Amino acid sequence: MTRYLISKFFYMLLSLFILISATFFLMKAIPGNPFMSEKATSPEIQARLMEQYGLDKPVYVQYFKYLGDIASGDFGISMKKLNQSVTDIIGQTFTVSLKLGFVAIIVSIIVGLLLGMLAALYHRRLIDNVAMVLAIMGIAVPSFVLASLIQFFFAQQLGWFNVMGFDGPMDYVLPVAALSASPIAFIARLTRSSMLEVLHADYIKTAKAKGLKSITIMFKHVVRNAILPVVTYVGPMTANIITGSVVIERIFGIGGIGKVFVDSITTRDYTMIMGVTIFYGILLMVARFITDIAYGFIDPRIKLTGGKEG
Amino acid sequence: MSVKDNAVNLDKLQVKPEDFQKVGADEKQSEVIQRESLSAWRDAWERLRKNKLAMTSLSVLVLIVLASIVGPMLSPYDDRTNDLLSTNLPPSAEHWFGTDDLGRDMFVRTWMGARISLIIGLAAAMIDLMIGVIYGGIMGYFGGRVDEIMNKFSEILYSIPYLLVTILLLVVLEPSITTIIIALCVTGWINMSWIVRGEMLQLKNREFVLASRSMGAGAGRLLFRHLLPNAVGPIIVTLTLTVPSAIFSEAFLSFLGLGVQAPQASLGSMIESALTGWMYYPWRMLFPAGLISLIMLAFNLFGDGLRDALDPKLKK
Amino acid sequence: MVSSNNLIEVEGLKKYFNVGKNRVLKAVDNLNFYIREGETLGMVGESGCGKSTAGRTILRLYEPTAGSVRFNGTDIYKLSPSKMKAMRRDMQMIFQDPYASLNPRFTVSDIIGEALDIHNMAGSRAERKKRIEELLDLVGLNPDHATRYPHEFSGGQRQRIGIARALAVNPKFIICDEPISALDVSIQAQVVNLLKELQERLGLTYLFIAHDLSMVKHISDRVAVMYMGRMVELAESAELYANPIHPYTKMLLSAIPLPDPEVEANKKRIIMPGDQAGPIHDASGSKTGAYNLENATLIEVSKGHFVAEPYA
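Residues numbered from 1 in each chain as written. Chains lettered and ligands numbered in written order. Predicted model: local features only at pLDDT ≥ 70, side-chain atom pairs only at ≥ 80, totals over all residues.

1. Things to note about the overall build of chain A
Step number 1: Scanning chain A from terminus to terminus reveals 13 helices and zero strands.
Step number 2: Listing each helix as α and each strand as β along chain A from the N terminus yields α-α-α-α-α-α-α-α-α-α-α-α-α. (Helix = DSSP H or I, 4+ residues; strand = E, 2+ residues; numbered from the N terminus.)

What follows is the structure, given as structure tokens:
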């Protein structure tokens, strides 16, 4: 088991390293220098800026300096907002996104599990069918479409919520709803199918035959086994919510890191792009690593053999 | 008369084994099969046909594809001409879907956008398919060390968040339809390769494959007549579900300004440009958004139905 | 009719698999035996004793770790790919699972005809069709079954198709790998009788692998008992069942239920000494506890009756 975790951790670091290097070299591959498009920068000023950013040195020197900087948490200065460091900007805006994302995750898990369990318990009845229809729509309909629709109906038409902004708890409702639609759908489907499998399994029939009360059976056996597959969804879910937040923040005018990301790409602020990309990368890889850890505890094969299949 | 009178006295009855003639059951007759013959494919197709949801989705998709080809031709307008006197008009008899902020006809734009979104989705899925089948096929067929090494490689590649890579690539390459398709494919093939690999590994050890080997079948015959045809099911299902994922990714890229560039438009980029202040001109957003949702919904439902139809577990 | 000519000679056959670090599964460990032409050699043992692996290795579906298999004097492991392909016409196999052994996407005609195609044995389409119909007839199936698909048949019928397929190339030797284990009891008898019939008609030699001892006795001339990859006893059928010597053989026989309630009630089950560890060895080659077969050779205890040391 420890061997498994160590190897997964190692792979995480390796992937991170590859991502960082890829980001670096891709940015370097862009022809010209980042200051060329600025109006009124004379060649001398450009040269001075290049020197300041260390862009006049050979590539491999820049590369190692870059790696060193990142290791110490220094992502450089934003190229468009020349007085702010990338780390500062990320730091300021991330808290906003974190709050939104966190709430979305919690809501997704709770609602998803409940919906899935209800659908399984009332298999083939109205609740099941309704839940599955909602789930299909949640998976297929893009989050930005949903976000726009609910913004239109509930904010503009009905006036129940502010159209934009992120000040009070009420402002959480619409964005969270839009963000969590898809994860809820996935979790509900996963939970439902694994619960159905478990409910019809022979060992449940044995438990009933032994005379255990339904509730005991539910909690000791059914729920524990049914939740398993959902744990594996944590990684993809985080990715889902991160990508969703990029758009949702824009639609609802929330000043989070998603907006920063979009802006940096549109303005081609390369240090910013690199910084946010790596930051997102770290988040996603950590999320996947957490999934791996959870998997390690749950899947007995990994517990016993250390994860190496024959 | 009493029973006793009729009873046969067995002692008096001299029955010898030679007196009996074996009638037997006519084996050949009992082996006759009444039903019409159905290949495994026809079986699956019948199952699919019964799935109304899947068949409806299929029809919807076919209609959408047809509309995207034919639609723009039905209108007198084209998708490029700006008409600054007719900007942001709501749907009318003149402009069936209204106009956008440059006065372009929305009906034509929407169906052109659908065309491009579909092309990107299908192209990306096809390329994923080709690379995935070859890579996964090699891994699965040879197994052993080859499989180990190739799998390590794709595992590492997979753990890098692919959306980020796609974004970076497009920042470097500057987005166009071709580069978008390429960027989407960079890590998309991995999923398909794993499906193919899984099928190959499973099928390799099945007894009918061993039987063919024991008859002297060569690698070519094994691959093309035994392994691949039996792996096709999951491959097709994965393909059907890759397309909407690619379409969605392209739409997402549009939100970062990395999607299809003006004056061309995909459904995603149209939604993006309509986003600001869309509530004043809802048709600019609703038509492309509705269409993209419909496309994704239909692909997903059809893919699910296809999976159910091909799943041997459901076979009676 | 059993001739005195040895059709198959197996010498020192070993097949080891690597499972994880430093662990070796000795599935087949030093097999030595011969099969005479026209004979049926039965091979019995519990699941996992290596009999199926032995069968497949003998057919060269797996490459051996060591040893030789001679068919009419030729060591098949030394053959080039093209010669091996020709050899495959003489040696065939019937598989255990009637559901997995036929390609679900092939028609019966394709399945049986594949062998004909690989070895170019049928000149024209008409010839091929005729040959396939002959084969179907031989195994007791209707000729218009040729255009149908495997899933339309019952287990017993599929097994017959598998037999027809094996016969297509006119083999001399057929390995029957548990051909009846997956069938209903009433069908088992049919298939076994068919096999016996075919043996007489076509002069076939069989290696009959099974774990059902009563059925094996019925069809085999001699029987070999396998335990953990090695052979522990070998004798003529009747002799083995009448005078089992090795404790494992006795254990197997004692487990057969007899249709006599009084005998059953008074039967004593025999357990193998130290029977926990399986045939998996660590790198140093030692197994924990169990009956150590490492250097056990077969000793002829009475005419034609061989037993592995130290129980000889």
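Next, the rest of the story.
2. Details of the nonpolar core
Step number 1: Ranked by size, the top nonpolar core spans 226 residues in total, and within it Phe208(C), Val225(C) and Met231(C) carry the most contacts.
Step number 2: Once residues within four sequence positions are removed from consideration, Met231(C) is found in contact with Leu31(C), Phe33(C), Ala224(C), Val225(C), Met226(C), Leu298(C) and Ala308(C). (Core = buried A, V, L, I, M, F, W, Y, C linked by C-beta atoms within 7 Å. Buried ≥ 20, exposed ≤ 12 C-beta atoms within 10 Å, placed from the backbone. Contact = placed C-beta atoms within 7 Å.)

3. Quick notes on the interface of chain B and chain A
Step number 1: At the junction of the two partners, chain B supplies 31 residues and chain A supplies 36 residues.
Step number 2: Secondary structure elements with two or more residues in the side of chain B that touches chain A: helix H6 (144–159), helix H7 (162–173), helix H10 (219–255) and helix H12 (282–310) of chain B.
Step number 3: Ranked by the residues each element gives to the side of chain B that touches chain A, the list is headed by H12(B), at eight residues.
Step number 4: Across the side of chain B that touches chain A, the residue classes break down as 27 nonpolar, four polar and no charged. (Nonpolar A, V, L, I, M, F, W, Y, C, P; charged D, E, K, R; others polar.)

4. Some points on the pairing of strand S4 (residues 66–71) of chain C
Residues and elements named next belong to chain C.
Step number 1: The sheet contact formed by strand S1 (residues 6–18) and S4 spans five bridges and is antiparallel. The partner of Glu-11 across the bridge, within S4, is Ser-68.
Step number 2: For S4 and strand S5 (residues 74–75), the ladder comprises two bridges, and the chain directions are antiparallel. By the bridge assignment, Arg-70 is partnered in S5 with Asp-75.
Step number 3: Counting the residues in the hairpin turn of S4 and S5 gives two residues, including Asn-72, whose phi is positive at 50 degrees. (Pairing = 2+ DSSP bridges.)

5. Description of the packing of helix H10 (residues 234–251) of chain A against helix H11 (residues 257–266) of chain A
Residue and element names in this part refer to chain A.
Step number 1: Packing of H10 against H11 brings their axes to within 7 Å, and their N-to-C directions diverge by 95 degrees. The angle between H10 and H11 falls in the class roughly perpendicular. Contacts between H10 and H11 involve Ser-245, Val-246, Glu-249 and Arg-250 from the former and Gly-258, Lys-259, Phe-261 and Val-262 from the latter.
Step number 2: Of the residues assigned to the contact of H10 with H11, the class counts are three nonpolar, two polar and three charged. (Axes fitted to C-alpha atoms, helices over the stretch in contact; angles between N-to-C directions. Parallel < 35°, antiparallel > 145°, perpendicular 65-115°, else oblique.)

6. Quick look at the sheet that holds strand S7 (residues 173–177) of chain C
Residues and elements named next belong to chain C.
Step number 1: A sheet is described by the order of its strands in space; here eight strands give the open sequence S6-S7-S8-S3-S9-S10-S13-S12, paired in mixed fashion. What marks the edges here is a single partner per strand, and that holds for strand S6 (91–94) and strand S12 (298–302). Strand-to-strand twist of the sheet, defined as the mean angle between neighbouring strand axes without regard to direction, takes the value 20 degrees.
Step number 2: Both strand S10 (residues 230–236) and strand S13 (residues 305–308) contribute to a ladder of two bridges, which runs antiparallel. By the bridge assignment for S13, Leu-234 is matched with Phe-306.

7. Points about the UniProt feature "domain: ABC transporter" (unreviewed entry) in chain C
Step number 1: As annotated in UniProt, the feature "domain: ABC transporter" (unreviewed entry) corresponds to residues 8–253 of chain C in the numbering used here.
Step number 2: Taken end to end, residues 8–253 of chain C has its terminal C-alpha atoms 27 Å apart, with 37% of it in helix and 27% in strand. (UniProt positions renumbered as here; feature names shortened; annotations may be inferred.)

8. Some remarks on the UniProt feature "transmembrane region" (unreviewed entry) in chain A
Step number 1: This chain's UniProt record puts "transmembrane region" (unreviewed entry) on residues 9–27, 100–122, 129–152, 172–190 and 278–298 of chain A.
Step number 2: In the segment residues 129–152 of chain A, helix accounts for 92% and strand for 0%; the C-alpha atoms at its two ends are 27 Å apart.

9. As for the domain arrangement of chain A
Step number 1: In terms of domains, chain A is made up of domain 1 (41–73) and domain 2 (84–301).
Step number 2: If you average the C-alpha positions of domain 1 of chain A and of domain 2 of chain A, the two centres end up 40 Å apart. (Domains from an automatic or database assignment.)

10. Overview of the environment of Glu155(B)
Step number 1: Tracing the backbone through its elements, the reader meets Glu155(B) in helix H6.
Step number 2: Residues Glu155(B) and Ala262(B), spaced 107 residues apart in sequence, show a C-alpha to C-alpha distance of 37 Å.

11. Remarks on H10(B)
Step number 1: The largest bend in H10(B) comes to about 45 degrees, at Val232(B), with the proline Pro234(B) one to four residues further on.
Step number 2: Of the residues trailing H10(B), Gly257(B) is marked for its positive phi of about 75 degrees. (Bend = angle between axes of the 7 residues up to and from the residue.)

12. Re the pairing of S1(C)
Step number 1: Direction of pairing for S1(C) relative to strand S2 (residues 23–36) of chain C: antiparallel, over a ladder of ten bridges. In the strand pairing of S2(C), Asn18(C) is matched with Val24(C).

13. What to know about helix H3 (residues 59–71) of chain A
Owing to its 3.6 residues per turn, the α-helix aligns residues three or four sequence positions apart on the same side.
Step number 1: Taking 1.5 Å as the rise per residue, H3(A) with 13 residues should run 18 Å; its terminal C-alpha atoms sit 18 Å apart, in good agreement.
Step number 2: In the stretch just after H3(A), Gly73(A) is the one whose phi turns positive, near 85 degrees. (Expected span 1.5 Å × (residues − 1).)

14. Things to note about the environment of Val243(B)
Residues and elements named next belong to chain B.
Step number 1: Assignment of secondary structure puts Val-243 in helix H10.
Step number 2: Considered as a pair, Val-243 and Ile-120 are 123 residues apart in the sequence and their alpha carbons are 8.6 Å apart.
Step number 3: Ignoring sequence-local partners within four residues, the contact set of Val-243 consists of Gly-121, Leu-122, Ala-125 and Phe-299.

15. Brief notes about the packing of H6(B) against helix H8 (residues 177–204) of chain B
Residues and elements named next belong to chain B.
Step number 1: The contact between H6 and H8 brings their axes to 10 Å, and the two run at 130 degrees. Between H6 and H8, the angle is such that the two are oblique. Helix-helix and strand crossings are classified by hand; for H6 and H8 the assignment is left-handed. In contact with Ser-154, Leu-157 and Tyr-158 of H6, H8 contributes Thr-187, Ile-190 and Ser-193.
Step number 2: Of the residues that constitute the contact of H6 with H8, the class distribution is three nonpolar, three polar and no charged. (Left-handed = near helix turned anticlockwise from the far one by under 90°.)

16. Topic: the environment of Ala115(C)
Step number 1: In this fold, Ala115(C) is placed in helix H3 (residues 108–118).
Step number 2: A count of 28 C-beta atoms within 10 Å places Ala115(C) in the buried class.
Step number 3: Note: C-alpha distance between Ala115(C) and Asn193(C) (78 residues apart in sequence) is 24 Å.
Step number 4: The residues touching Ala115(C), leaving out its near neighbours within four places in the chain, are Met215(B), Arg165(C), Ala168(C) and Val169(C).

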